[in-house]
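Notes for the structure review
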Amino acid sequence: LLDPLVVSVASQVGTMPILMKRFDAVSIVDLAANLVVVPLFGAATGLGLMAVVGGTFSAGLGTVLNGASWVFLSSGLWLTKLAASPTWATLTSPH
C-alpha cells in the first residue's frame, strides 16, 4: 500500500502546478481515488495482455479474459466518475 501511495503523492505534487496553470483547478480526491482505481486498471491491463496472448491460441479464452478485463475497466471508470462528482472534489483558482 505504501508504494502506490508514494507514486500517487509524487504525481499529484508534480502535476499540481501544471493543472492549476492550465485548468485553474486541482482535484483533492485524486489521492484516495488513485489508491483504489490504479490497481483496477493494472489488473485490466494484465488481463488484456493475457487475452491477446491467450486469444491467439483460443478465441474462447481470449473472450473470457477480455470480459474479465472489462469488469475491472468499467469498475475503475465508475469509481473515477464517482470520485469526481462531488462539487467539493475540486479546488479552483480564486481569480
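Per chain, residues are indexed from 1 in the order of the written sequence. Confidence filtering applies because this is a predicted model: local features only for residues at pLDDT of at least 70, side-chain atom pairs given and counted only at 80 or more, and all residues used for totals across whole chains, interfaces and linings. In computing side-chain properties, one takes all heavy atoms of the structure into account and sets aside hydrogens as well as water.

Quick look at the side chain of Asp30
Of note, Asp30 is situated in helix α2 (residues 30–57). In this scheme, a residue with accessible area under 20% of its type's maximum is buried, one over 50% is exposed, and one in between is partly exposed, where area comes from a 1.4 Å probe on protein chains only. Note that His is not counted, nor are the chain ends; the positive residues are Lys and Arg, and the negative ones are Asp and Glu. The rule for a salt bridge is simple: a side-chain nitrogen of Lys or Arg has to be within 4 Å of a carboxyl oxygen of Asp or Glu. For the buried Asp30, which has no salt bridge, the nearest side chain bearing the opposite charge is Arg22, at an N-O separation of 17 Å. Working rule for contacts: check all heavy atoms of both residues, and any pair within 4.5 Å makes them a contact. Filtering out sequence-adjacent residues up to four positions away, Asp30 remains in contact with Ser8 and Gln12. The way it works is that DSSP assigns letters per residue, a run of H or I at least four long becomes a helix, a run of E at least two long becomes a strand, and they are numbered from the N terminus.

Quick notes on the packing of helix α1 (residues 2–23) against α2
Only the stretch in contact is used when fitting a helix axis, every axis being a line fitted to C-alpha atoms; angles between N-to-C directions are given from 0 to 180 degrees. Running from amino to carboxyl end, α1 crosses α2 at an angle of 140°, the nearest separation of the two axes being 10 Å. Looking at the two axes, α1 sits oblique to α2. In the packing of α1 onto α2, the handedness of the crossing is right-handed. On α2, the residues that touch Pro4, Leu5, Ser8, Val9 and Gln12 of α1 are Asp30, Leu31, Asn34 and Leu35. In this classification, Asp, Glu, Lys and Arg are treated as charged, Ala, Val, Leu, Ile, Met, Phe, Trp, Tyr, Cys and Pro as nonpolar, and every other residue, Gly included, as polar. Looking at the contact of α1 with α2, its residues break down into five nonpolar, three polar and one charged. Here is the rule for angles: anything less than 35 degrees is roughly parallel, anything more than 145 is roughly antiparallel, 65 through 115 is roughly perpendicular, and the remaining ranges are oblique. Whether a crossing is left-handed or right-handed is set by the direction in which the near helix is turned from the far one by less than a right angle, anticlockwise for left-handed and clockwise for right-handed.

Describing α2
Given 3.6 residues per helical turn, the α-helix brings residues three or four places apart onto the same face. Across its 28 residues, α2 extends 39 Å between first and last C-alpha, which sits within 8% of the 40 Å expected from 1.5 Å per residue. Maximum bend of α2: about 30°, positioned at Val36, with proline Pro39 one to four residues after it. Along its buried surface, α2 packs onto α1, β1 (25–27) and α3 (59–84). Working rule for helices: expected span equals 1.5 Å times residues minus one. A residue's bend is given by the angle between axes fitted to the 7 residues ending at it and the 7 residues starting at it.

Comments concerning the confidence of the model for the protein chain
The quantity known as pLDDT measures the predictor's confidence residue by residue, on a range of 0 to 100. The predicted model of the protein chain averages 91 in pLDDT, with 99% of residues at 70 or higher. Within the protein chain, no element has a lower average pLDDT than α1, which sits at 86, and none a higher one than α3, at 97.

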